[in-house]
Amino acid sequence: MSHSPNQVSLPPLPFIPDELIEEILSRLPVRSLLQFRCVCKSWMSLISDPYFVKKHLQLSAQSTNLTRHRIILTDTTAEFHLKSCPLTSLFHNPSTICEDLNYPVKNKFRHDGIVGSCNGLLCFAVKGDSVLLWNPSTRVSKKSPPLCNNWRPGCFTNFGLGYDQKNDDYKVVAVFCDPNVFFAETNVKVYSMASKSWRKIQDFPHGVTPYQNSGKFVSGTLNWDANYAVGNSNSSLWIIVSLDLHKETYNEILPPHYEKEECSTPSLGTLKGCLCMNYDYKKSYFVLWLMKDYGVRESWIKMVTIPYLPNPEDFSYSGPYCISDNGEVLLMFEFDLILYDPRDQSFKYPKVHSGKSWFDAEVYAETLLSPIKH
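Reading guide: rules and limits
- Residues numbered from 1 in each chain as written.
- Predicted model: local features only at pLDDT ≥ 70, side-chain atom pairs only at ≥ 80, totals over all residues.
- Heavy atoms only, no water.
- Salt bridge = Lys/Arg side-chain N within 4 Å of Asp/Glu carboxyl O.
- Helix = DSSP H or I, 4+ residues; strand = E, 2+ residues; numbered from the N terminus.
- Buried < 20%, exposed > 50% of the residue type's maximum accessible area, 1.4 Å probe, protein only.
- Expected span 1.5 Å × (residues − 1).
- Contact = heavy atoms within 4.5 Å.
- Pairing = 2+ DSSP bridges.
- Axes fitted to C-alpha atoms, helices over the stretch in contact; angles between N-to-C directions.
- Phe/Tyr/Trp six-rings, centres within 6.5 Å; stacked < 30°, edge-to-face > 60°.
- Domains from an automatic or database assignment.
- Buried area = accessible area lost by both parts, 1.4 Å probe.
- Polar contact = N/O pair within 3.5 Å; in protein donor to acceptor, adjacent residues only side chain to side chain.
- Nonpolar A, V, L, I, M, F, W, Y, C, P; charged D, E, K, R; others polar.
- Parallel < 35°, antiparallel > 145°, perpendicular 65-115°, else oblique.
- Patch = residues over 30% accessible without salt bridge, like charges linked within 9 Å, V, L, I, M, F, W, Y side chains within 5 Å.
- Areas by Shrake-Rupley, 256 points an atom, 1.4 Å probe, with all protein chains shown as cover.

- Going by the annotation in an unreviewed UniProt entry, the name recorded for the protein is F-box domain-containing protein, with Arachis hypogaea given as the source organism.

Here it is, written out as structure tokens:
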């Protein structure tokens with residue numbers, strides 16, 4: 001066929017092997033991948049494939065610069081509002097723009113508590129009787145059946161979200177506590193994302209009652225700070241109880257040697273995939289410990305000691321939520337996010353647009369993981 005004089009002949013598009021396309025796409029952020037599902041059927045099939053989802057998750061987990069992480073914030077208004085912003089923006093920019101998130105459970109005057117996050121999945125406690133698993137990046141969610149515990153005044157339920165690697169299953173553990181009975185009875189159930197149902201497992205060890213905090217996921221285990229009643233005396237000990245999500249057995253994790261007499265009751269958290277512990281010392285400092293090698297008591301290190309500024313309302317720090325590569329710590333104080341830099345002992349107050357004060361926060365990764373396991 002002859003070409004007109006003004007027609008330009010374009011070279012053929014280069015052939016790109018499927019393996020190379022997969023390698024390129026697996027390194028892209030979730031928001032781009034959600035758009036690229038519309039390019040063609042083969043890309044849609046690839047991006048939805050469980051193998052690709054897991055590969056993308058593994059590559060995201062290897063990233064240490066926090067560009068694949070966001071923080072979800074609940075504000076202090078009467079209505080339940082959730083907002084999200086990039087984690088790196090809080091560390092590097094004086095002001096950050098938040099996005100409104102469309103929470104899947106429609107009850108704007110009930111504030112559901114954030115249980116935790118794991119590989120991009122967020123877990124919320126819904127009225128203390130069920131949980132919502134939600135990936136805010138893909139907007140896919142799944143609500144569990146009700147627990148149907150025999151609730152009465154004084155009872156409470158502690159939840160924890162984690163991953164059972166050997167069974168490739170995400171699990172929520174619910175610890176129902178009834179302090180009205182002698183030695184505070186516990187009733188423990190596990191919700192499996194694979195089976196979509198609750199089942200009962202062994203209760204907490206006798207005499208051990210968790211504080212009203214969520215379980216923290218580290219190295220295939222969920223960890224609670226708990227109160228251990230000693231014998232028939234009125235004395236008790238603060239301990240760390242660990243539940244192996246695969247074996248579903250309990251263990252005690254020993255805390256560091258710390259200043260028990262002059263500090264507040266410690267709390268647990270996670271940083272950089274490690275278990276951490278914090279407390280107020282003499283109401284003057286916030287002390288943060290980190291367990292570098294899970295289960296090894298000698299591996300606890302004192303990460304940072306953060307001073308309190310003049311504090312007439314006697315507020316405490318909440319968190320920490322994240323620590324950057326240069327050591328800056330992200331916390332919350334008096335409903336505001338703050339950054340503490342131990343290098344020069346300075347504080348920064350990142351401004352968040354479209355939000356005034358915050359009640360709770362949780363860091364999560366942007367992944368393709370679905371709470372609906374097929």
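**Comments concerning the pattern of salt bridges**
Part 1: If you walk through the whole model with that rule in mind, you get 17 salt bridges.
Part 2: Its salt-bridge partner being K302, residue E259 comes within 3.4 Å of it at the nearest N-O pair. Of this pair, E259 sits in the loop between strand 17 (250-253) and strand 18 (267-271) while K302 sits in strand 21 (residues 300-307); the two residues are 43 residues apart in sequence, bridging distant segments of the chain.
Part 3: By relative accessible area, which is 23% here, E259 ends up partly exposed.
Part 4: With a closest N to O distance of 3.8 Å, K272 and D325 form a salt bridge. In this pair, K272 is assigned in the loop between strand 18 and strand 19 (274-281) and D325 in the loop between strand 22 (318-323) and strand 23 (329-333), connecting sequence segments 53 residues apart. The burial state of K272 is the same as that of D325; both residues are exposed.
Part 5: Several salt bridges share partner residues, and in doing so they unite E22, E23, R27 and K55 into one network.

**With respect to helix 4 (residues 50-62)**
Part 1: The end-to-end C-alpha distance of helix 4 is 19 Å, a good match for the 18 Å that 13 residues give at a rise of 1.5 Å each.
Part 2: Of the residues making up helix 4, those classed as buried are F52, V53, K55, H56, L57 and S60.
Part 3: Of the surrounding elements, those touching the buried residues of helix 4 are helix 1 (18-25), helix 2 (30-36), helix 3 (41-48) and strand 10 (169-178).

**Quick look at the sheet that holds strand 11 (residues 185-192)**
Sheet strands pair via backbone hydrogen bonds, and the direction of the pair is either parallel or antiparallel.
Part 1: Within the open sheet, the four strands sit side by side as 9-10-11-12. Their pairing is antiparallel. The sheet terminates laterally at strand 9 (156-164) and strand 12 (197-200), the two strands that pair on one side only. Each neighbouring strand pair of the sheet contributes to a mean axis angle of 25°, computed without reference to strand direction.
Part 2: Where strand 11 meets strand 12, four bridges bridge the pair, whose relative direction is antiparallel.

**Looking at the packing of aromatic side chains**
Part 1: Counted under the stated rule, the structure contains 18 aromatic pairs.
Part 2: Arranged with centres 6.5 Å apart and planes meeting at 80°, the rings of W238 and Y258 form a pair that is edge-to-face. Note that W238 is positioned in strand 16 (residues 236-244) and Y258 in the loop between strand 17 and strand 18, a separation of 20 residues in sequence. Both residues of the pair, W238 and Y258, belong to the buried class.

**Some remarks on the domain arrangement of the protein**
Part 1: Domains assigned within the protein are domain 1 (18-54) and domain 2 (64-365).
Part 2: Its C-alpha centre places domain 1 at a distance of 32 Å from the equivalent point of domain 2.
Part 3: With seven residues of domain 1 at the contact, the number on the domain 2 side is seven residues.
Part 4: Of all residues in domain 1, R31, L34 and K54 give up the largest surface area on contact with domain 2, accounting jointly for 64% of the area buried on that side.
Part 5: Seen at the junction of domain 1 and domain 2, the total is two salt bridges.
Part 6: The closest approach of N and O atoms between D168 and K54, which form a salt bridge, is 3.1 Å.
Part 7: The interface formed by domain 1 and domain 2 includes three residue pairs in polar contact (both at pLDDT 80 or more).
Part 8: With three residues, helix 2 is the single largest residue contributor to the side of domain 1 that touches domain 2.

**Side note on the packing of helix 3 against helix 4**
Part 1: In the contact formed by helix 3 and helix 4, the axes pass within 5 Å of each other and the chain directions differ by 65°. Mapping the contact onto sequence places L46, I47 and S48 in helix 3 and P50, F52 and V53 in helix 4.
Part 2: Of the residues in the contact of helix 3 with helix 4, the class split is five nonpolar, one polar and no charged.

**Remarks on the packing of helix 1 against helix 4**
Part 1: In the contact formed by helix 1 and helix 4, the axes pass within 10 Å of each other and the chain directions differ by 45°. With respect to helix 4, the element helix 1 is oriented oblique. Each of E22, E23 and L25 in helix 1 lies in contact with helix 4, whose residues at this interface are Y51, F52, K55 and H56.
Part 2: The residue inventory of the contact of helix 1 with helix 4, partitioned by class, reads three nonpolar, one polar and three charged.

**A look at a nonpolar patch on the surface**
Part 1: Where nonpolar side chains cluster on the molecular surface, the patch consists of I16, L20 and I24 and spans about 250 Å² of accessible area.
Part 2: Classification of I16 as partly exposed rests on a relative accessible area of 39%.

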